[in-house]
Amino acid sequence: MTRRVKIPGWNVLGLLPTHVIMLLTLIIPVGIIILVSFSTRGPYGGFEYVFTTAPYKQILFNEGWTGELEFNPQYLIVIARTLLLSAITTVICLLLSFPVAYFISLQKPSLKIALIYLVTLPFWVSMIVRVYSWIIILGKEGVIEKTLRALGLIDSMDSLLFGDTAMLIGLVYSYIPLMILPIFASIEKLDPALVEASHDLYGSRLVTLRRVILPLCQPGMLAGAILVFVPCLGAVLEPTLLGGGKTMMMGNLIQLQFGAARNWPLGAAISLVLMAAVLIFLVARGLRSVRKETRELTL
Amino acid sequence: MKSGSDVRRYPGFGLFSILFFVYLYLPISVVIFYSFNANRIVSNWGGFSLHWYTTALSNSALVSAVKTSLLIAVIATTISTIVALMAALVIVRGRDVRFRRISETIVNLPLLLPEIVVAVASLILFSQLGLVNGIMKLAIAHTTFCIPFAFLPIRARLQGMDANLEEAARDLYASAWVAFRRVTLPLILPGVFSGAMLAFVISMDDFITSNLLNSGGATTLPVYIFSLIKQGVSPQLNAISTLIMLASVALATIAFLVQRQK
């Protein structure tokens, strides 16, 4: 072994660019968001550094003429809808993904690679194009309406677009590849001998599924749930394009405050609520498994 | 063993999976199908035509949006891949690195926060700095969120590489730089390539940040498409979408094949 000359400077030098970029463009700006959420709204948008808790009160109350507070759940409804839709999306993705991931894992290697490629491919296709495709399908005179009419099942129908159902369809469609991949990875690690052992001990297919396969796939399902749930919380395109203007989620509510509504402090306060929701969920579920699965996914 | 008697198989999973793949590809196929529709009204079939493709390609607003997107993506990809490579070398290979775990979390920070929050942070930052150049704003913001996407494949490749090879080069009196350039870099190149590819696609596809920061003459392709969707469904929009899908599938296939390389 040659004696290695240690240059501690290299470590610092290598990490410096990423850390400086993150500090200047992310960590400090997120700190400024906190500041803005306690600031006063500027007369023409923007904000002024005058301390107030008004933005947080605004999430819950309307302020009347004389400064009295009146409870208004409009923003709470948006927050609740965001949490609920994200949870339902996660559950639907779980239910759809398991049989598909299991089926893929049973195929021979070449077919397996091809099918996994087919699962990941839509994820490379522009997000906005994928959401847009549902407008053609669900909209007035859309594919579904035309098909049902051609079959003589209906004369006319209300547009399926704009509402919770359309958003849910869009969310599931957008994020389901993120659920299939980690579940597939954990099924691949499953030892087939365990399944056969269960059968040799007279476990039926159903019992084997419930007592052997599903428990062993839990890490993959958990990772998939995080990978679907977290981006759902911050979804913007699906609620904007499929939800219409009235049924909002937190993502497009924030966007609205920084755009047309010109209420930056309120937007900042809602951003912090969203960030808190994500961080609570991530910390509760363990950061490590997310990191691990994200790595497998991007591999 | 016959498939029927294979205890690992579950009846119905096959059919379910086939239906799933139909569901996955049907919406995309609908867009492609209607892009060849001669009729101005999207869902009324008026015969096969390439008319909307020629309209799309001669649409100057579209061409300029593509140019803007490409410029920003190339800048963001180049910078994020280089700095991510530097960080990955230290985090995976470095000796006596203090705060290794925290350093890694910092590099991956954009993945842990919702994108809209990161976008809001950039918006407030640029408004405080008084930066008005749209291209510059987007290039900076895209670089930030592309870093983890470039970092993860590079790190995975480095972890899979035999560290002894580098040691051997050093034992044979190669300098640190020569060992990196002649041994490490060629071995991890597929990882660097797929990292760059991922960063490029993420940047090209970004809507949330680009839309929130949209000002100063920097309308990217997704933001332009969004404005078209707001005007209503049109066959030209379908043609543009099909072209974008074609480009993405080409990129995805190249990335997939490079990754598979041992």
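Please read all numbers here as calculations on a predicted model, not as lab measurements.

Caption draft 1: Up close: the overall build of chain A. The helix and strand inventory of chain A stands at 14 helices and four strands. Out of the 299 residues in chain A, the part that is buried amounts to 53%. Of the contacts formed within chain A by residues at least 6 apart in sequence, a portion of 64% connects residues at least 24 apart. Of the roughly 14200 Å² that chain A leaves accessible, carbon and sulfur atoms contribute 69%.

Caption draft 2: Summary view of the overall build of chain B. From N to C terminus, chain B includes twelve helices and zero strands. Listing every helix and strand of chain B by position from the N terminus yields α-α-α-α-α-α-α-α-α-α-α-α. For chain B, the C-alpha atoms occupy an extent of roughly 70 × 70 × 30 Å along the three principal directions. Among the 262 residues that make up chain B, the fraction classed as buried is 52%. Considering only residue pairs separated by 6 or more positions, chain B has 73% of its internal contacts joining residues 24 or more positions apart. Accessible surface, chain B: about 11900 Å² in total, of which carbon and sulfur atoms supply 67%. For chain B, the separation between the mean place of its 19 positive charges and that of its 10 negative charges on side chains is 7 Å.

Caption draft 3: Structural context of the interface of chain B and chain A. At the junction of the two partners, chain B supplies 97 residues and chain A supplies 91 residues. For the chain B and chain A pair, buried surface summed over both sides reaches about 8800 Å², with 75% attributable to carbon and sulfur atoms. At the surface where chain B touches chain A, the tally comes to eight residue pairs in polar contact (both at pLDDT 80 or more). If you tally residues by element for the side of chain B that touches chain A, the top one is helix H1 (residues 13-35) of chain B, at 14 residues. Considering only residue class, the side of chain B that touches chain A consists of 63 nonpolar, 21 polar and 13 charged.

Caption draft 4: Spotlight on the nonpolar core. A:Phe98, A:Ile128, A:Ile213 and B:Ile124 are the most contacted members of the largest nonpolar core, which has 153 residues in total. By residue number, the principal contributor to this core is helix H7 (residues 164-189) of chain A, which donates 15 residues. Per-domain counts for this core show at least three residues from each of domain 1 (11-52) and domain 2 (60-260) of chain B. Not counting residues within four places of it along the chain, the set of residues in contact with A:Ile128 comprises A:Leu237, A:Leu241, B:Asp205, B:Phe207, B:Pro222, B:Ile225, B:Phe226 and B:Ile229. Counting residues in each nonpolar core, the second largest holds ten residues, with A:Tyr117, B:Leu198, B:Ala252 and B:Ala255 among its members.

Caption draft 5: Region of the structure containing the UniProt feature "transmembrane region" (unreviewed entry) in chain B. Taken from the UniProt record, the annotation "transmembrane region" (unreviewed entry) applies to residues 12-36, 70-94, 106-129, 135-154, 183-204 and 237-258 of chain B. Counting secondary structure, residues 135-154 of chain B comes out at 100% helix and 0% strand; the distance between its end C-alpha atoms is 27 Å.

Caption draft 6: A look at the domain arrangement of chain B. Residue and element names in this part refer to chain B. Looking at chain B, the domain boundaries give domain 1 (11-52) and domain 2 (60-260). When each unit is reduced to the centre of its C-alpha atoms, the spacing between domain 1 and domain 2 is 31 Å. In this complex, domain 1 contributes ten residues to the contact, which on the side of domain 2 involves nine residues. For the pairing of domain 1 and domain 2, the buried interface totals around 770 Å² over both sides, and the portion due to carbon and sulfur atoms is 79%. Our count for the domain 1 to domain 2 interface comes out at zero salt bridges. Grouping the amino acids of the side of domain 1 that touches domain 2 by side-chain chemistry returns six nonpolar, three polar and one charged.

Caption draft 7: Up close: the pattern of salt bridges. All names here are of chain B. Tallied over the full model, the rule gives two salt bridges over all chains. For Glu104, the salt bridge goes to Arg155, with nearest N and O atoms at 1.9 Å. Highlighted residues: Glu104 in helix H4 (residues 100-107) and Arg155 in helix H7 (residues 134-160), separated in sequence by 51 residues. Across the pair, exposure class does not vary: Glu104 and Arg155 are buried alike.

Caption draft 8: How the structure looks around empty space enclosed by the protein. Residues and elements named next belong to chain B. Across all of its chains, the model carries one cavity of 30 Å³ or more by this definition. Looking at the largest cavity, its volume works out to about 30 Å³. Elements that contribute at least two residues to the lining of the largest cavity include exactly helix H6 (115-129) and H7. A total of four residues in the lining of the largest cavity trace back to one element, the largest contributor, which is H6. Residues of the lining of the largest cavity, tallied by class, amount to five nonpolar, three polar and no charged.

Caption draft 9: View of the UniProt feature "transmembrane region" (unreviewed entry) in chain A. Residue and element names in this part refer to chain A. If you check UniProt for "transmembrane region" (unreviewed entry), the listed places come out as residues 12-38, 75-103, 115-139, 159-184, 220-244 and 264-284 in our numbering. End C-alpha to end C-alpha, residues 12-38 measures 36 Å, and it is 96% helix and 0% strand. Annotated as residues 115-139, this span is 88% helix and 0% strand, and its ends, taken at the C-alpha atoms, are 30 Å apart.

Caption draft 10: Geometry of the environment of B:Val83. By secondary structure assignment, the location of B:Val83 is in helix H3 (residues 60-93). Spatially, the C-alpha atom of B:Val83 lies 50 Å from that of B:Pro11, the residues being 72 residues apart in sequence. Those residues within four positions of B:Val83 in sequence are excluded, and the remaining contacts are A:Pro17, A:Thr18, A:Ile21 and B:Ile147.

Caption draft 11: Structural view of the side chain of B:Ser241. Note on placement: B:Ser241 falls in helix H12 (residues 235-260). A residue is classified by how much of its surface remains accessible, and B:Ser241, at 0% relative accessible area, is buried.

Caption draft 12: Inspection of the packing of aromatic side chains at higher detail. By the definition in use, this model includes eleven aromatic pairs over all chains. Site record: aromatic cluster; members linked through ring pairs are A:Trp134, A:Tyr173, B:Phe20, B:Phe21 and B:Tyr23.

Caption draft 13: View of the state of the cysteines. Residues and elements named next belong to chain A. Overall, the coordinates contain zero disulfides over all chains when judged by the stated rule. With no disulfide of its own, Cys93 lies closest to Cys232 among cysteine sulfurs, the gap being 6.8 Å. What makes Cys232 buried here is its relative accessible area of 0%.

Caption draft 14: Local environment of the side chain of A:Thr25. Along the polypeptide, A:Thr25 turns up in helix H1 (residues 8-37). You can call A:Thr25 buried: its relative accessible area is 12%.

Caption draft 15: Here's a closer look at the environment of A:Val172. With respect to the secondary-structure elements, A:Val172 resides in helix H7. Judged by relative accessible area, which is 5%, A:Val172 ranks as buried. For the pair A:Val172 and A:Leu148, spaced 24 residues apart in sequence, the C-alpha separation works out to 23 Å. Setting aside anything within four residues of it in sequence, one finds A:Val172 in contact with A:Thr89, A:Ile92, A:Cys93, A:Leu96 and B:Tyr23.

What counts as what
Residues numbered from 1 in each chain as written. Chains lettered and ligands numbered in written order. Predicted model: local features only at pLDDT ≥ 70, side-chain atom pairs only at ≥ 80, totals over all residues. Heavy atoms only, no water. Helix = DSSP H or I, 4+ residues; strand = E, 2+ residues; numbered from the N terminus. Buried < 20%, exposed > 50% of the residue type's maximum accessible area, 1.4 Å probe, protein only. Contact = heavy atoms within 4.5 Å. Areas by Shrake-Rupley, 256 points an atom, 1.4 Å probe, with all protein chains shown as cover. Lys, Arg positive; Asp, Glu negative; His and termini not counted. Charge placed at Lys NZ, Arg CZ, Asp CG, Glu CD. Buried area = accessible area lost by both parts, 1.4 Å probe. Polar contact = N/O pair within 3.5 Å; in protein donor to acceptor, adjacent residues only side chain to side chain. Nonpolar A, V, L, I, M, F, W, Y, C, P; charged D, E, K, R; others polar. Core = buried A, V, L, I, M, F, W, Y, C linked by side-chain atoms within 4.5 Å. Domains from an automatic or database assignment. UniProt positions renumbered as here; feature names shortened; annotations may be inferred. Salt bridge = Lys/Arg side-chain N within 4 Å of Asp/Glu carboxyl O. 1 Å grid on protein atoms, 1.4 Å probe; cavity = no way out; pocket = protein on both sides within 12 Å on 5 of 7 lines; lining within 4 Å. Points joined across faces, edges and corners; volume = space filled by probe spheres on them. Phe/Tyr/Trp six-rings, centres within 6.5 Å; stacked < 30°, edge-to-face > 60°. Disulfide = S-S within 2.5 Å.

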